[in-house]
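Close look at the chain arrangement
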Amino acid sequence: MRVFVTGASGFVGSAIVNELLNAGMEVLGLIRSESSAQKLKETGANVLMGDINDPYIIQKGATSCDAVIHTAFNHDFSRYHDSCEEDRKIIEIFSDALAGTQKPLVITSAVGILRREKAITEDDKPASSASVPRAASEEAALAAIAKGVNTYIVRLPIVHGKNDHGFIPIVIEMDKEKGQCGYIGEGLNRWPAVHREDAASLYRLIVEKQPEQKVFHPVAEEGVSFKEIAKTISKGISLPVRSLNHDEAEAHFTWFTHFAGMDGYASSEKTRNILDWKPQQIGLLEDISENYF
């Protein structure tokens, strides 16, 4: 099987590339820079140079391969809404390119866009993109499914591992800047989590098995309390940890306050049962202690 991977040099995408190659598949990775292209070539993958927003390029990648795994996303939160709408357009282009085939299209979403009093499951649906911009990706995927395109949605939780540049490093830098580690209120809000290598194995299983189920949660830990995350960071950077009220949290986390207070307790029961997915890597708190300082 030849798989086209967008975001192939990214934190999750590069792990997927390695997972696919180790399984004996051929990979075509979409890359923008020459330095990233060279690193990708060294893994044994093939390179398609271009921009994810170029319709011709992504059509070329999709039509020349047996499956598409789409992980690329612009994480510039200053233009978050625009990035979400761009992702909708990208998925629509993939959908048109794959229409009439049974080639699997695997798109990436986030568990955190859903809110439930109970555990978030694969059967839950997010609010519309009018109120939750990131839901645009799932809306585009559902439209593709309605057209008969063999489309899958992977809702990522907090993804951790070596060389992470996502949520955990953001919190660490904010804590260092403020001279203390903080959590909001009692800190009981929970972050679901998965190691990047375990997440990568789920993407592989989807393209291999192509099951009837369309939504999957690569959730290894259903919910790690933010207080425990803050305490672990506190030990790592030797700063005090304390509870923050609303105003203090706004001052401490600034634009990240929404995410610091996110409660995304999530289930992966259906994912594990259908795909026989079994996370093998270390948990979030252990990973932070060992690899983030």
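Please refer to the structure higher up on the page.
This report concerns the structure included in the present document. (Residues numbered from 1 in each chain as written. Predicted model: local features only at pLDDT ≥ 70, side-chain atom pairs only at ≥ 80, totals over all residues. Heavy atoms only, no water.)

Time to look at the environment of glutamate 250. Structurally, glutamate 250 can be placed in helix H9 (residues 246-253). On the accessibility criterion, glutamate 250 (37% relative accessible area) is partly exposed. In this structure, the C-alpha to C-alpha distance between glutamate 250 and isoleucine 184, residues 66 residues apart in sequence, is 9.6 Å. (Helix = DSSP H or I, 4+ residues; strand = E, 2+ residues; numbered from the N terminus. Buried < 20%, exposed > 50% of the residue type's maximum accessible area, 1.4 Å probe, protein only.)

This paragraph deals with the packing of helix H6 (residues 167-178) against helix H8 (residues 226-237). At their nearest, the axes of H6 and H8 sit 11 Å apart, and the two run at 60° to each other. Considering the angle they form, H6 stands oblique to H8. Of the two elements, H6 crosses H8, and the hand of that crossing is right-handed. Every residue of H8 that contacts H6 at Ile168, Val171, Ile172, Asp175 and Lys176 is listed here: Phe226, Ile229, Ile233 and Ile237. Of the residues contributing to the contact of H6 with H8, the split by class is seven nonpolar, no polar and two charged. (Axes fitted to C-alpha atoms, helices over the stretch in contact; angles between N-to-C directions. Parallel < 35°, antiparallel > 145°, perpendicular 65-115°, else oblique. Left-handed = near helix turned anticlockwise from the far one by under 90°. Contact = heavy atoms within 4.5 Å. Nonpolar A, V, L, I, M, F, W, Y, C, P; charged D, E, K, R; others polar.)

This part covers the layout of surface pockets. Over the atoms a probe the size of a water molecule is rolled, and this reveals where empty space is left. Empty space within the second largest pocket amounts to approximately 190 Å³. Lining of the second largest pocket is provided by Ala8, Ser9, Ser14, Val17, Asn18, Ile31, Ser35, Ser36, Lys39, Leu40 and Thr43. Mapped onto the lining of the second largest pocket, the elements with two or more residues apiece are helix H1 (11-22) and helix H2 (34-43). Examining the composition of the lining of the second largest pocket, we find that five residues originate from one element, H2, more than from any other. (1 Å grid on protein atoms, 1.4 Å probe; cavity = no way out; pocket = protein on both sides within 12 Å on 5 of 7 lines; lining within 4 Å. Points joined across faces, edges and corners; volume = space filled by probe spheres on them.)

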